[in-house]
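# Close look at the chain arrangement
If you want the building blocks of each chain, they are given just below.
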Amino acid sequence: MQIRHLEPQARFRTSFAPHPVSNRVSESKLLVFATCTYIIAWYLQVGLRVPILGAIRFEFVLGSILSFCAIIKLIREPFSTPLAKPVMIFIFVLSFYTIFSYDRSQSWEIFIERVIKFSMLAAFLAAFVRTEWALKMVVGAFLLAMLKLGQEGFVGWYSGGMIWQNQGIPRLHGVTPLYRHPNSYSGMAVGCLPFIFYLFPIAKKWQKLLLILLFFFCAIIIIYTGSRTGYVATALLGLYFWREKLEQGKIKYVAVGVAIILIIYILLPEAYIGRMISIFTMEEAEGSSSEARLQIIKDSFSVFVSHPWGIGVAAFPSVRMEMFNRFQDTHNLYLEILTNLSLPGLIAFFFLIYKIIKTNGNIIINTDNKFIKALSRAIIAFIYARLFLGMFGMDTYEIYWWFAVGLTIANFRVFQNSKNKRQYNKNHSIKEPLLRFGIGNNK
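This one's a predicted model, so the numbers in the text were calculated from it and none came from an experiment. (Residues numbered from 1 in each chain as written. Predicted model: local features only at pLDDT ≥ 70, side-chain atom pairs only at ≥ 80, totals over all residues. Heavy atoms only, no water.)

### Let's talk about the overall build of the chain
From N to C terminus, the chain includes 18 helices and two strands. Put simply, 75% of the contacts in the chain that link residues at least 6 apart link residues at least 24 apart. As displayed, the chain has an accessible area near 22700 Å², and 66% of this comes from carbon and sulfur atoms. (Helix = DSSP H or I, 4+ residues; strand = E, 2+ residues; numbered from the N terminus. Contact = heavy atoms within 4.5 Å. Areas by Shrake-Rupley, 256 points an atom, 1.4 Å probe, with all protein chains shown as cover.)

Written out as structure tokens, the structure is:
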């Protein structure tokens, strides 16, 4: 090894020599803002709220432009992600069971309108989000949309304008068709809880206030929609949060959990207490939804036994009508997958879920970035929330899974970029002083 004086020209060449890891990240702020706009527009259904935007099909036009840009960007700048294989397998299974379906027209409609369109949200996040700033913008846009939906729920509950009798109790309904049904509206609120729970500790003061407000809105929605699906999912999610705190040795959370349960029970109106109890007793104030669901379960297993290789995407209502002269769908995520996509679909779906959880788990272990770590925890809890809700809901073809896929890929990419940047800076900090003295120079 020689230590010698470098000529000015040699020093110039050395300082600008290529490095195996670069700290430059190419990201279009315009596309990030457009993605945030799309998220808000989709969740709030702005085309129905603003007639002129509905007339020009704003959401469709924006989504088409973003889809084109995302495909081009992903082709030109391919990125390796742990979710690539499970996503492709799941889409292949859905494609197969769309082509070979007992109700091909229905299957094609669901495949195009839900699978293709919803999966593009994952593509937007995978293609456009490269930095922590962009990731925060996307999460902020989602929570802003949830805050607006929550505010509408609060106003609808307080004024009574969105509460009317349903199954023997007054139930809160959403303003837009997407969340008009109490079960869907409750599911929306339950899905917000993981982001509130994990982002709150790292949020700024004004952000904490907004998260508290969102939590208040979500509590109103979950309680007054009277959705037993929401009640069960909230209870299970609460146990998930509780278990995590107990594992950290925080025994005080036992007392906090018991106190919360007692407060809810004391303050809850009698009609909604009866609604909760009916989960176990199967006795309802009005209607017979419990008996109907039991019948659906029996019919679902009969359909699966009769068609063990699957009946096709969203084909259950048609097949059930043909077999039993009953039309309702499965009202269960797992039975929906089993009857529609058979065991290959069930394996593909849970392989995707496993990879989402595992990828975020690895990020949590290997990063010191508080936001990235908190978001990974929120995504995992969000997945569990959707799985809990799936016990009483048909969610296979909904946007939630693609939102989780997109957030996971984006979070993984930001984590990788941050890791590469630290390695680049570390190499630079070690090599640069040595290169100035000619140490390590090949010439």
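Text resumes after the structure shown.
### A few points about the packing of helix α2 (residues 29-44) against helix α8 (residues 132-159)
Interaxial distance between α2 and α8 falls to 9 Å at its minimum, and their mutual angle equals 20°. Taken together, the axis directions place α2 and α8 in an arrangement best described as roughly parallel. Handedness of the crossing formed by α2 with α8: right-handed. Here Lys 29, Val 32, Phe 33, Cys 36, Ile 39, Ile 40, Tyr 43 and Leu 44 of α2 lie close against α8, whose contacting residues are Trp 133, Ala 134, Met 137, Val 138, Ala 141, Phe 142, Leu 144, Ala 145, Met 146, Lys 148 and Leu 149. (Axes fitted to C-alpha atoms, helices over the stretch in contact; angles between N-to-C directions. Parallel < 35°, antiparallel > 145°, perpendicular 65-115°, else oblique. Left-handed = near helix turned anticlockwise from the far one by under 90°.)

### Examining the side chain of His 307
Examined against the element boundaries, His 307 turns out to sit in the loop between α14 (289-306) and α15 (316-324). A relative accessible area of 16% means that His 307 is categorised as buried. With residues near it in sequence (within four places) discarded, His 307 still touches Tyr 102, Val 319 and Met 323. (Buried < 20%, exposed > 50% of the residue type's maximum accessible area, 1.4 Å probe, protein only.)

### Remarks on the packing of aromatic side chains
For the structure on display, the rule yields 35 aromatic pairs. Arranged with centres 4.1 Å apart and planes meeting at 10°, the rings of Phe 197 and Phe 241 form a pair that is stacked. Linking Phe 197 in helix α9 (residues 182-199) with Phe 241 in helix α11 (residues 228-247), this pair joins segments that are 44 residues apart in sequence. Phe 241 gets classed as buried once you look at its relative accessible area, which sits at 9%. The interplanar angle of 45° and the centroid separation of 5.1 Å between the aromatic rings of Tyr 240 and Tyr 384 together place this pair among those described as tilted. With Tyr 240 in helix α11 and Tyr 384 in helix α17 (residues 370-389), this residue pair connects regions lying 144 residues apart in the sequence. Judged by relative accessible area, Tyr 240 falls into the buried class, the value being 13%. Among the residues examined, Tyr 384 registers a relative accessible area of 27% and is labelled partly exposed. A network of ring pairs unites the aromatic residues Trp 42, Tyr 43, Phe 118, Phe 142, Phe 195, Phe 382 and Phe 403 as a single cluster. (Phe/Tyr/Trp six-rings, centres within 6.5 Å; stacked < 30°, edge-to-face > 60°.)

### Considering the side chain of Thr 359
Along the polypeptide, Thr 359 turns up in helix α16 (residues 333-366). The class for Thr 359 is buried, based on a relative accessible area of 5%. Apart from residues no more than four positions distant in its own chain, Thr 359 is found in contact with Pro 82, Leu 83, Thr 408 and Phe 412.

### Topic: the environment of Phe 301
Along the chain, Phe 301 falls in helix α14. On the basis of relative accessible area, Phe 301 is assigned to the partly exposed category, the value being 43%. Between the alpha carbons of Phe 301 and Leu 338 there is a distance of 8.9 Å; along the sequence they are 37 residues apart.

### Focus on α9
The periodicity of an α-helix, 3.6 residues per turn, causes residues three or four positions apart to be oriented the same way. Compared with the 26 Å implied by 1.5 Å per residue over 18 residues, the 26 Å span of α9 between its first and last C-alpha is a close match. Of all 18 residues making up α9, 16 are buried, and the element is well covered by its neighbours. (Expected span 1.5 Å × (residues − 1).)

### Side note on the pattern of salt bridges
Applying the stated criterion across every chain yields a total of ten salt bridges. Glu 152 serves as the salt-bridge partner of Arg 49, at 2.4 Å between the closest nitrogen and oxygen. With Arg 49 in helix α3 (residues 46-49) and Glu 152 in helix α8, this residue pair connects regions lying 103 residues apart in the sequence. Across the pair Arg 326 and Asp 299 runs a salt bridge whose closest N-O atoms are separated by 2.9 Å. Taken together, the residues span a long stretch of sequence, with Arg 326 in the loop between α15 and α16 and Asp 299 in helix α14 at a distance of 27 residues. The exposure class assigned to Arg 326 is partly exposed, which follows from its relative accessible area of 30%. Each of the salt bridges in this network shares a partner with another, and the network as a whole consists of Arg 49, Lys 148 and Glu 152. (Salt bridge = Lys/Arg side-chain N within 4 Å of Asp/Glu carboxyl O.)

### As for the confidence of the model for the chain
For the chain, per-residue confidence averages 86 on the pLDDT scale, and residues scoring 70 or more make up 82% of the total. This stretch, residues 1-22, has a pLDDT under 50; its non-local contacts, to residues over four places away or in other chains, come to 23 contacts. (pLDDT = per-residue confidence, 0-100.)

### Concerning the nonpolar core
One finds Tyr 43, Met 146, Phe 195, Phe 403 and Leu 407 to be the most contacted residues of the largest nonpolar core, which totals 117 residues. With residues near it in sequence (within four places) discarded, Leu 407 still touches Leu 125, Leu 135, Val 138, Val 139, Phe 195 and Ile 379. Ile 311, Ala 315, Phe 316 and Val 319 belong to the second largest nonpolar core, which has five residues in total. (Core = buried A, V, L, I, M, F, W, Y, C linked by side-chain atoms within 4.5 Å.)

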